[in-house]
Amino acid sequence: MVIALAVIAVLVVIYFRHPQRKVHTIKKIEAPPQTTTLPPKTTFRGLPIKLKIPAISVDATLEYLGKTTNGDMTAPVNVDYAGWYRYGPLPGDEGTSVMAGHVVGLRGQAGVFNNLDKLKPGDALQVIDGKGKVASFTVRISKTYAE
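Residues numbered from 1 in each chain as written. Predicted model: local features only at pLDDT ≥ 70, side-chain atom pairs only at ≥ 80, totals over all residues. Heavy atoms only, no water.

Caption draft 1: Region of the structure containing the packing of aromatic side chains. Per the counting criterion, the structure on display carries 2 aromatic pairs. When the centroid spacing of 5.7 Å and the interplanar angle of 80° are considered together, the rings of Tyr 64 and Trp 84 count as edge-to-face. Of this pair, Tyr 64 sits in strand β2 (residues 58-65) while Trp 84 sits in strand β3 (residues 82-85), placing them 20 residues apart in sequence. Tyr 64 sits in the partly exposed class, given a relative accessible area of 37%. Plain terms: the ring middles of Tyr 85 and Tyr 87 are 5.6 Å apart, the flat faces sit at 70° to each other, and that makes the pair edge-to-face. Classification of Tyr 85 as buried rests on a relative accessible area of 16%. (Phe/Tyr/Trp six-rings, centres within 6.5 Å; stacked < 30°, edge-to-face > 60°. Helix = DSSP H or I, 4+ residues; strand = E, 2+ residues; numbered from the N terminus. Buried < 20%, exposed > 50% of the residue type's maximum accessible area, 1.4 Å probe, protein only.)

Written as structure tokens, this is what we have:
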């Protein structure tokens, strides 16, 4: 038994002192030169006026939201309206547009986003602007955070 352990110990030492090493070479592949250029992004959108989320029966007018005196974003005045933060990009333009809405009103009535937690990946949202153009979005992930 002692001899067997000694043989195993010697084999382990030999293995770790002389491991088989494989050398892999990685070839760097150069990207082909760009032959086409995209035109600069231009927006032809108007200000957003309506938000539609068919999966939760939202068809809401959009209020334009600004900032309070202490710098917080204001909230929509009407619980049935959603609000668009007017200092951000237009929905559909580059950057993150922010929309807000009430879940429950001050008197306990259901707000525009009362069922927002029921949205699932694949559900569609549409923002319609004052020129009648539609910016469409698809829910990719949904998370709920504690207050």
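Now that the structure has been shown, we can carry on.
Caption draft 2: Representation of empty space enclosed by the protein within the structure. Within the structure shown, the criterion is met by 1 cavity of 30 Å³ or more. Size it by volume and the largest cavity reaches roughly 50 Å³. Lining the largest cavity are Arg 45, Gly 46, Pro 48, Leu 90, Pro 91, Val 127, Ile 128, Asp 129, Lys 133, Val 134 and Ala 135. Breaking the lining of the largest cavity down by element, the ones donating at least two residues are β5 (124-129) and β6 (134-138). For the lining of the largest cavity, the element with the most residues is β5, which contributes 3 residues. Its residues assigned to classes, the lining of the largest cavity comprises 7 nonpolar, 1 polar and 3 charged. (1 Å grid on protein atoms, 1.4 Å probe; cavity = no way out; pocket = protein on both sides within 12 Å on 5 of 7 lines; lining within 4 Å. Points joined across faces, edges and corners; volume = space filled by probe spheres on them. Nonpolar A, V, L, I, M, F, W, Y, C, P; charged D, E, K, R; others polar.)

Caption draft 3: The environment of Lys 67, seen in detail. Residue placement: Lys 67 occurs in the loop between β2 and β3. The sequence separation of Lys 67 and Tyr 85 amounts to 18 residues, and the corresponding C-alpha distance is 8.7 Å. Contact partners of Lys 67, with chain neighbours within four places excluded, come to Asp 72, Met 73, Thr 74, Tyr 85 and Tyr 87. (Contact = heavy atoms within 4.5 Å.)

Caption draft 4: A look at the layout of surface pockets. Empty space within the largest pocket amounts to approximately 1,100 Å³. In this structure, the largest pocket is lined by 27 residues; those nearest its centre are Met 99, Leu 116, Leu 119, Leu 125 and Ile 141. Elements supplying a minimum of two residues to the lining of the largest pocket: β1 (48-53), β4 (99-101), β5 and β6. For the lining of the largest pocket, the element with the most residues is β4, which contributes 3 residues. A class-by-class count of the residues in the lining of the largest pocket yields 16 nonpolar, 7 polar and 4 charged.

Caption draft 5: Looking closely at the pattern of salt bridges. Counted under the stated rule, the structure contains 1 salt bridge. A salt bridge links Lys 50 to Asp 59; the shortest N-O distance between them is 3.4 Å. (Salt bridge = Lys/Arg side-chain N within 4 Å of Asp/Glu carboxyl O.)

So, to be careful, I would describe these as geometric facts and stop short of saying anything about function.
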